[in-house]
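Observations on the three-dimensional arrangement
Given next are the chains, with one letter for each unit.
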Amino acid sequence: MATFHLHQTTTSTPEQFLAALTDFGPGRAKLFGNSADEYLKVHHRGPSDADVTEGSRGIWERLHYDWSDRNRVVMKTTDSNLWGGNSGHTYTFTRRPDGRTDVDAVVVRDGKNLRGRALGLVLGTVGKNVLKTAFENTVKAIEARSRESIERSTPIGDRRV
C-alpha cells in the first residue's frame, strides 16, 4: 500500500476548489488529467455526496464522494480494476488570512491484484513525482477556472487591466 501526502497553496477559495472537485460534467480531464470523459459515469449525486466511476488509460475506479464537511472531500474507492482496500483520496482545505487556501491531499493506493500492487510499488518509488505534478497541474487549472469565472461575472467596465 502506498500513501502520498501532497500540499499546495492556491489563490482559489475552498468553495471554488470544492466546486471543481464535484463538477462531474464534460471536460473534467481539463482539471483532473486522470479522469477522461469516456470513463466518467455518475451513478448518484446528492447535495453532499456522489457515486462516480472515473479513470483513464485503462485504469478506472468507482468512488464515493463525501463533502458534507465543506472544508474536506473524502473519496473512498468502492470498486476498481486495480485498487481496493483503503484506496481513495482526501482533500482538506484551509483558508489562510492572506485570502489564499492551503490544499492538502492524501492519496492511498492499495493494490487489489498483481497489476495494482505493481503499480502501487512504482508509484511509491519513482511515481511520486508524477502524482505531485498532476496535483500541481490540477491546482493551476482550478485557479484558471476560478479567474475565468470571476472575469465572466464582472462587468467589462469594472475589470482591472
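Look up: the structure comes first, before these words.
Small disclaimer: the values here were computed from a predicted structure and weren't measured.

1. Digging into the side chain of Thr22
- Summarising the element assignment, Thr22 is placed in the loop between helix H1 (14-21) and strand E2 (41-45).
- At a separation of 2.8 Å, a polar atom in the side chain of Thr22 contacts the main-chain carbonyl oxygen of Leu18.
- Beyond its immediate sequence surroundings of up to four residues, Thr22 is in contact with Arg45 and Trp67.

2. Things to note about H1
- Taken together, the buried positions of H1 are Pro14, Phe17, Leu18, Ala20 and Leu21. Looking down the long axis of H1, one finds its buried residues gathered within 160° of arc, a one-sided arrangement.

3. Digging into the side chain of Thr53
- Structurally, Thr53 can be placed in strand E3 (residues 49-56).
- Residue Thr53 is classed as buried on the basis of its relative accessible area, which comes to 14%.
- Within the local environment of Thr53, its side chain forms a polar contact with the side chain of His43, the two groups lying 2.6 Å apart.
- Beyond its immediate sequence surroundings of up to four residues, Thr53 is in contact with Tyr39, Leu40, Lys41, His43, Trp60, Glu61 and Arg62.

4. Some details on the pattern of salt bridges
- As enumerated under the stated definition, the model contains 10 salt bridges in all.
- Residue Glu54 is joined to Arg28 by a salt bridge in which the shortest nitrogen-to-oxygen separation is 2.9 Å. Of the two residues, Glu54 sits in strand E3 while Arg28 sits in the loop between H1 and E2, which places them 26 residues apart along the sequence. An identical accessibility class is assigned to Glu54 and Arg28; each is buried.
- Salt bridges sharing common partners tie together Arg96, Asp98, Arg100 and Asp102.

5. Quick word on the pairing of strand E5 (residues 72-80)
- Two elements, strand E4 (residues 59-66) and E5, share 6 bridges in a ladder whose sense is antiparallel. The residue of E5 that forms the bridge with Tyr65 is Met75.
- The hairpin formed by E4 and E5 contains 5 residues between the paired strands.
- Relative to strand E6 (residues 88-95), E5 runs antiparallel, the two being bridged by 5 bridges. Paired with Met75 across the bridge in E6 is His89.

6. Here's the deal with the environment of Glu54
- Judged by its relative accessible area of 8%, Glu54 is buried.
- Along the backbone, Glu54 and Asp37 are 17 residues apart, and their C-alpha atoms lie at a distance of 8.0 Å.
- Setting aside chain neighbours within four positions, we find Glu54 in contact with Arg28, Ser35, Tyr39, Leu40, Ile59, Trp60, Glu61, Leu63 and Tyr65.
- Here the side chain of Glu54 touches Arg28 through a polar contact of 2.9 Å, side chain to side chain.
- A polar atom in the side chain of Glu54 sits 2.4 Å from the side chain of Tyr65.

Conventions we followed
- Residues numbered from 1 in each chain as written.
- Predicted model: local features only at pLDDT ≥ 70, side-chain atom pairs only at ≥ 80, totals over all residues.
- Heavy atoms only, no water.
- Helix = DSSP H or I, 4+ residues; strand = E, 2+ residues; numbered from the N terminus.
- Polar contact = N/O pair within 3.5 Å; in protein donor to acceptor, adjacent residues only side chain to side chain.
- Contact = heavy atoms within 4.5 Å.
- Buried < 20%, exposed > 50% of the residue type's maximum accessible area, 1.4 Å probe, protein only.
- Arc of directions from axis to C-beta.
- Salt bridge = Lys/Arg side-chain N within 4 Å of Asp/Glu carboxyl O.
- Pairing = 2+ DSSP bridges.

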